[in-house]
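# Inside the fold
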Amino acid sequence: MSTASKPAAPCAARSTVRAVMARGVVAAGIVLLPALGPARAAPETIALPGERLFPESITSTADGTLYVSSIAGGGVVRVRPGASTGEAWIAPGAFGTRSTLGVLADERSGTLWVCSNDLSALGIPGPGAVTGSHLKGFDLASGEGRASVALPGERTLCNDIAIGPDGAAYVTNTLAPQVLRLKPGASTFEVFTSDPQFGPDGAGAGLDGLAFGQDGNLYLNTFTKAELFRVAIEDGRAGAVTRLRPSRALVLADGMRPTGDGSFLMVEGGGRLDRVTVSGNEARIETLREELAGPTGVTKVGGTAFVSEGQLDALFVPSAQRRAPTLPFRVHAVPLGDGSVATAATQPECRGDNGGLSLPAGFCATVFADGIGHARHMAVAEDGTLYVNTWSGRYYKTNDPAPNGFLVALKDTDSDGRADVTARFGERPDQGGRGGTGLALFGGAVFAESNDRIMRYPLRAGEVAPSARGEVVVSGLPLTGDHPMHPFAITPKGEILVDLGSATNACEVKNRMPGSPGHQPCTEKETRGGIWRYDARKANQAFSPAERYAAGIRNGEGIALDAAGRAFATQHGRDQLHENWPALYSAQAGFEMPAEEMVELKEGGDYGWPECYFDPVQKKLVLAPEYGGDGAKTVGLCAGRQGPVAVFPAHWAPNDMTFYVTRAQAGGAGAFPSAYEGGAFIAFHGSWNRAPGPQGGYNVVFQPMREGRAGGDFVVFADGFAGAVKEPGRARHRPSGLAVGPDGALFISDDVQGRIWRVTYRGGDRTAAVAAAPAAGSSTGSSRAAAPPEGVHPDAGRRVATLTLPAGVSREEIALGERVFHGEVAGATCGGCHGSDAKGSPIGPDLTSGTWLWSDGSLKGIERTIATGVAEPKEHGGAMPPMGGVQLSDAELRAVAAYAWAVGHSPGQAQPPQDP
């Protein structure tokens, strides 16, 4: 996004500058360019108002709104989505603007950035009388001016703008060989990088377009010399400058934008729209459109490029050769034909059932993929390919992994909202692989957890699934205990932040056993219960306690970075306060505490586990009973631990989190309203241990954020995953992973049936407020003891007459045992661990299988196992306290043991009829 009016100095003679511009523009106009491809159909055009507009730059927002600057007339023109004509939006001269050059919409901050320059020395007075060059910030919603920062130095011309990963605005200064940076909230620029190569030869124009690449580096071009450069960026600082070798000569290189697939769109003042693909130090130039009338800027919305025609040869050439501009000035829509992102017009129609989900009005979900395995965490590449890690092993009661690898690459090539390409890679079951949870993209590679390792799979150009053999990045991660998964995130610096969940509930001497005190000190924290840090660029790193980054996080499965680069994690709160400490906590307190948490990760921070938990009533960390807490207000050492930035209901199990930070420059036809920008989506896997209350979670919530903390109450954004029963053993789907695509679509994974949903916004109102989903019509997997069982539990009143009875047990006793099992009597949590259908869960075994691990399966044997508990499970993650952690009478103990015996000797009878 630049202009042919690139003066050598603010006071350069008009004739000299015009002569330079004339040589560039006129020469480009008379050179006969070779045909580089088949002729393309003429694209649709958008008419722009004003006889003196001379468009200079163009930008877009995620909904497809276009903004065009004016080098001669000043101001900014807006084109609404789908409109064939533009409208004046920011008036010429508003907020002290003169000639407007570069424009860029920054939806993260709600700002339209505009380069304003005094070009009166070139015979272009423009509106107003402000001298010098400024970067102006306008409110994207209202158009009101709210920021104005002058470029430093005597030789200034604010040309083009890019927003970096750090949220800063980067500006090319055409009259000095430098890129300037304006950090968020700053009132002055700093010189980010400067190099003599960026300057012109003689009196021409220097730096022009700039854009950040998928690799995190900064790419630049120069106008007169038409050269391309890469500036390496390391830890937010500018490094080596490399001049790239284009595959053909360029003519007046101008505005450029990233495409979202690793390449760039760029216009040449000589009349072309190009795609630029960089490999090493080579830049392949593919011409997408020719014979444009002096194109000056380009932006991308979905699968379409919009190009502004500047016609600057009608502005700068000597008067004797000057022609009148062709009116109206135009923007051309150029279909890219890459299928990378669907535009609003080509987005698939919403089926109406949203794949079984309940969503707020205006949102639509399609089933992107189904049946791919126990789908856990995901990441989306810039070309729209979705990568998913799937998991197998003791955590799931059904395991039938595909033979071709646990990692899945999914791509929608026909833009219908469903993946039509599925490719598997990574370790296979016959190689000992069990899959995993964690997955991330970084540096052109897929990083994924596999067993006790994090692997790296390099992606070659054009590949959907990596074909290269994976290499070990980190090995030896702990696999034992209650939380064997290893979710992780990778920062722009290449830091892998990996969660190592605790092996125990609360570091007890006897895990999950009533009254068992906590270890003093909790040496488990040396290797578990926190975040560890490794280097994504290094191979064969080995786990050790030395790499611990943050401590006191029991199970931080959702790790994500916000737009400002801050790292956050969710935390699964501890279990069984009531079951293990009934004298201190009522049954109700047990299912209401502790809160689930979101914490900001800081190096060296301790977030409280196991000594502390967050009391949602008192809104503070309090001392756990294993470490001297009294179940009330005692804080003790917790006063020195880091508290959460947001909290959620107890035991909902936050399995993943992602911040909604769209890349509007890469498209965004399905992007959410701007109120969602910067907030966090959290996938709650669902509870098993809220008896005698209803089980909760099994949803995706949206948490507004402001400056790194909760910016309001959360809302349930997506519901209905569980179906009829919210309970681990019978939920149809359980949310487990989240990812945001380059077009703004939200992907949600399910680890029960391996379904992936793709959620987009179709409401058409980018100003719509955050809203909650309508309540889904599912039942709970447990009941409140105070209510009649036949009216609360979804299985209440089922026919126990079909069960086989142990000798000497009546039907009435079996009916009582069923009620005890479901928590309707004595507040028991049997169904929470074993499933309301008794067919098991990740925590407890299947009681209907007829296999008995702790007795001979006799009624007396089962009764004895329940009475004494299971301190060290043989095959499952959950220890069972005596009596299941509650107080059972002799009659209740005998009845529930008889029920367990009956379902184990009555194949197919324990599970009630399923919903159609």
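Let me sum up the structure you'll find in this document. (Residues numbered from 1 in each chain as written. Predicted model: local features only at pLDDT ≥ 70, side-chain atom pairs only at ≥ 80, totals over all residues. Heavy atoms only, no water.)

Check the secondary structure of the chain and you find eight helices and 55 strands. Considering only residue pairs separated by 6 or more positions, the chain has 60% of its internal contacts joining residues 24 or more positions apart. With an accessible surface of roughly 32,800 Å², the chain has 51% of that area assigned to carbon and sulfur atoms. (Helix = DSSP H or I, 4+ residues; strand = E, 2+ residues; numbered from the N terminus. Contact = heavy atoms within 4.5 Å. Areas by Shrake-Rupley, 256 points an atom, 1.4 Å probe, with all protein chains shown as cover.)

Here the structure, examined in full by the defined rule, presents three disulfides. Between the sulfur atoms of C507 and its disulfide partner C522 the distance amounts to 2.1 Å. In this structure the cystine formed by C507 and C522 twists about its S-S bond by roughly 105 degrees; its chirality is therefore right-handed. Of this pair, C507 sits in the loop between strand 35 (495-500) and strand 36 (530-535) while C522 sits in the loop between strand 35 and strand 36; the two residues are 15 residues apart in sequence, bridging distant segments of the chain. Residue pairing for C612: its cysteine sulfur links by disulfide to C638, the two sulfurs lying 2.1 Å apart. Of note, the bridge from C612 to C638 carries an S-S torsion of about -100 degrees and is left-handed in sense. Separated by 26 residues along the polypeptide, C612 in strand 42 (residues 612-615) and C638 in the loop between strand 43 (620-623) and strand 44 (646-648) bring together distant segments of the chain. (Disulfide = S-S within 2.5 Å.)

This part takes up the packing of helix 7 (residues 859-868) against helix 8 (residues 890-904). Between helix 7 and helix 8, the shortest axis-to-axis distance is 9 Å and the interhelical angle comes to 120 degrees. Between helix 7 and helix 8, the angle is such that the two are oblique. Pair helix 7 / helix 8 crosses with right-handed handedness. From helix 7, L859, I862, E863, I866 and A867 reach across to helix 8, where they touch L893, R894, V896, A897, A898, A900 and W901. Considered class by class, the residues forming the contact of helix 7 with helix 8 number 10 nonpolar, no polar and two charged. (Axes fitted to C-alpha atoms, helices over the stretch in contact; angles between N-to-C directions. Parallel < 35°, antiparallel > 145°, perpendicular 65-115°, else oblique. Left-handed = near helix turned anticlockwise from the far one by under 90°. Nonpolar A, V, L, I, M, F, W, Y, C, P; charged D, E, K, R; others polar.)

In this structure, the amide linkage connecting Q520 to the following residue, P521, adopts the cis form with an omega of -5 degrees. On the secondary structure map, P521 appears in the loop between strand 35 and strand 36. Of note, the bond from W609 into P610 is cis; its omega dihedral lies within 30 degrees of zero at 0 degrees. The phi dihedral of H651 is positive, around 65 degrees, even though this residue is not glycine.

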